[in-house]
Amino acid sequence: MTVQPPEPSPRPVPSGELRASHDDREAVVEQLRDAAAEGRIDFDELDLRLEQALQSKTYAELAVLTADLPRLNSSESRPPLVLKGGMYGASRGPGRWEVPGHVIAHGGVGGVKVDFTRAECRLTEVAVEAYGETSGVTIVIPDGWAADTSGMDPGFGGLTDKTTPDRLPGTPLIRLTGSGGMAGVVIRHPNRRERRKLDSNPTQG
């Protein structure tokens, strides 16, 4: 009897290869028009990019058209959110809060926790600076969000990255920089206890 090898599981489609919607194309069109109005691109280039945007089929094709343009909105223009652990610690979330484009967390003596699980984020990317210092920094991101930790200095305390690379379309990328310091920095998805709390209070503000 010949044992057939198991069929390989289907390869997950990278987020850039996913099909773009009419709304996705329209958002890029608006960004291009704003860039032309601000003098960032000339009108000949605008016409070319608009034509390419309307013909784009995937997220990756759209991303190329705006890769060299800043994406400013109310969240990005807000001042950075600065959290300092101090003696007693500090936290933001898990209640509703609007995410700015830049978050700075200093663990200090009491530690800092930044919980994005119920946050409102309209950005494609959020810069997070984390400095573990004496008691560390913990960052919790929802399932479907992804993190880039390549710019992080682990320091003595180290960096613990328990996130998955699978990023859902339309979700932000957390670009983590800073230093682990003495106590380290942890970035992860919700643990079991946090998931139970989220499930039992789905509309908690």
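Here is a short report on the structure shown in this document. No experiment lies behind these values; they were computed from the predicted model shown.

Thresholds, definitions, all that
Residues numbered from 1 in each chain as written. Predicted model: local features only at pLDDT ≥ 70, side-chain atom pairs only at ≥ 80, totals over all residues. Heavy atoms only, no water. Core = buried A, V, L, I, M, F, W, Y, C linked by side-chain atoms within 4.5 Å. Buried < 20%, exposed > 50% of the residue type's maximum accessible area, 1.4 Å probe, protein only. Helix = DSSP H or I, 4+ residues; strand = E, 2+ residues; numbered from the N terminus. Contact = heavy atoms within 4.5 Å. Patch = residues over 30% accessible without salt bridge, like charges linked within 9 Å, V, L, I, M, F, W, Y side chains within 5 Å. Areas by Shrake-Rupley, 256 points an atom, 1.4 Å probe, with all protein chains shown as cover. Salt bridge = Lys/Arg side-chain N within 4 Å of Asp/Glu carboxyl O. Arc of directions from axis to C-beta. Pairing = 2+ DSSP bridges. Axes fitted to C-alpha atoms, helices over the stretch in contact; angles between N-to-C directions.

This part covers the nonpolar core. By size, the foremost hydrophobic cluster in this structure holds 25 residues, and its most contacted members are F116, V126, V128, I139, I174 and L176. Within the residue set of this core, elements represented by two or more residues are strand 1 (81-84), strand 3 (102-106), strand 4 (112-115), strand 5 (125-131), strand 6 (137-140), strand 7 (146-153), strand 9 (173-179) and strand 10 (185-188). When residues of this core are assigned to their parent elements, the largest contribution, three residues, is made by strand 5. Setting aside anything within four residues of it in sequence, one finds F116 in contact with W97, V99, V128, I139, V140, I141, P142, W145 and I174. In terms of nonpolar packing, the next biggest core, distinct from the first, is built from 13 residues, V28, V29, L62 and L65 among them.

Before going further, it helps to spend a moment on a nonpolar patch on the surface. Among the surface-exposed residues, M87, Y88 and V109 lie close enough to one another that they form a single nonpolar patch of about 440 Å² accessible area. Structurally, the position occupied by M87 is in the loop between strand 1 and strand 2 (90-92). Owing to a relative accessible area of 62%, M87 belongs among the exposed residues under this scheme.

Our next topic: helix 3 (residues 59-66). Note that an α-helix has 3.6 residues per turn; residues three or four places apart therefore point the same way. Within helix 3, burial applies to L62, L65 and T66. In an axial view of helix 3, the angular spread of the buried residues amounts to 90°, which keeps them on one side of the axis. Among the structural elements, helix 1 (22-37) and helix 2 (43-55) are those in contact with the buried residues of helix 3.

Reading across the sheet, the five strands line up as 2-4-6-10-8 and stay open at both edges, with parallel pairing between neighbours. Two strands bound the open sheet, and with one partner strand each, they are strand 2 and strand 8 (159-161). Neighbour to neighbour, the strand axes of the sheet diverge by 5° on average, direction disregarded. Two strands pair when backbone bridges link them, and strand 2 and strand 4 are joined in this way by three bridges, in the parallel orientation. Residue pairing for strand 4: S91 is matched across the bridge by K113.

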